[in-house]
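Coordinates in review
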Amino acid sequence: MAQGEVLEFEEYVRTRQDALLRSARRLVPDPVDAQDLLQTALARTYGRWDGIADKTLADAYLRRVMINTRTEWWRARKLEEVPTEQLPDARVEDGSEQRADRALLMDVLKVLAPKQRSVVVLRHWEQMSTEETAAALGMSAGTVKSTLHRALARLRQELESRELDFRALERGYTGEVKGRERCAA
């Protein structure tokens, strides 16, 4: 690069550095990384400065170099391995929890009266509005709301009761196992 072009590049950087740094800050959130990005882009552009015929497009050229550089950095970081002291638990989603939840829901719905069950299914399963549910069942919107309120309260009560029963069963089972262990000892 000729001496005149070097001086031209230095003058360009001196006059445009604040605007270029703002552009870099838009590309990366960390101010130190933005300065590094700009410096890298300027170093890459310096070698090709004489190839930029229209110097009025230098800002656009530098922004493109910054974007490409940021992309290279992102790709390089993405491939880095991060050491950890413990491996994460491997969990395989097999759908068994969803099937169990669905089976529990179907079982719990059996405690509701047919009218309550219809309202719950249309409002929450089919996601109908109150008015659509009322029209489908031939009742007023107020009746749908009160029926839904009572049905949900009954469902909550049933789920709480089953949870208590499950805990009692669980405690009895662990107590039974402990009792057998004492007898074997």
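What you are looking at is a predicted structure, and each value in this text was computed from that prediction instead of being measured.

Another point: the nonpolar core. Ranked by size, the top nonpolar core spans 17 residues in total, and within it Y12 and L42 carry the most contacts. Counting residues per element, the ones that place at least two in this core are α1 (3-27), α2 (31-46) and α3 (58-78). The residues contacting Y12, other than those within four sequence positions of it, are L20, W49, A58, D59 and L62. By size, the runner-up hydrophobic cluster in this structure holds eleven residues, among which are V120, V144, L148 and L155.

Attention now moves to the packing of helix α5 (residues 114-125) against helix α6 (residues 130-137). Running from N to C, α5 and α6 point in directions that differ by 140 degrees, and their axes come no closer than 9 Å. The orientation of α5 relative to α6 falls into the category oblique. Taken as a pair, α5 and α6 cross one another with a handedness that is right-handed. When α5 is examined against α6, the residues S118, V119, L122 and R123 are found in contact with a partner set consisting of T130, T133, A136 and L137. Class assignment for the residues of the contact of α5 with α6 results in four nonpolar, three polar and one charged.

With that settled, consider the confidence of the model for the protein. For the protein, the mean per-residue pLDDT works out to 84, and 88% of the residues sit at or above 70. When the elements of the protein are averaged for pLDDT, helix α7 (residues 141-184) gives the smallest value, 79, and α2 the largest, 93.

Here we come to the packing of aromatic side chains. Within the structure shown, the criterion is met by three aromatic pairs. Between F9 and Y46, the ring centres sit 5.3 Å apart and the planes meet at 65 degrees, which makes this aromatic pair edge-to-face. Of this pair, F9 sits in helix α1 while Y46 sits in helix α2; the two residues are 37 residues apart in sequence, bridging distant segments of the chain. By relative accessible area, F9 is classed as buried at 7%. For Y46, a relative accessible area of 34% gives the class partly exposed. Measuring from ring centre to ring centre gives 5.1 Å for Y12 and W49, while their planes differ by 35 degrees; the resulting arrangement is tilted. Placement of Y12 in helix α1 and of W49 in the loop between α2 and α3 is noted, with a sequence separation of 37 residues between them. An identical accessibility class is assigned to Y12 and W49; each is buried. Taken together, the ring pairs connect F9, Y12, Y46 and W49 into an aromatic cluster.

Procedures and definitions
Residues numbered from 1 in each chain as written. Predicted model: local features only at pLDDT ≥ 70, side-chain atom pairs only at ≥ 80, totals over all residues. Heavy atoms only, no water. Core = buried A, V, L, I, M, F, W, Y, C linked by side-chain atoms within 4.5 Å. Buried < 20%, exposed > 50% of the residue type's maximum accessible area, 1.4 Å probe, protein only. Helix = DSSP H or I, 4+ residues; strand = E, 2+ residues; numbered from the N terminus. Contact = heavy atoms within 4.5 Å. Axes fitted to C-alpha atoms, helices over the stretch in contact; angles between N-to-C directions. Parallel < 35°, antiparallel > 145°, perpendicular 65-115°, else oblique. Left-handed = near helix turned anticlockwise from the far one by under 90°. Nonpolar A, V, L, I, M, F, W, Y, C, P; charged D, E, K, R; others polar. pLDDT = per-residue confidence, 0-100. Phe/Tyr/Trp six-rings, centres within 6.5 Å; stacked < 30°, edge-to-face > 60°.

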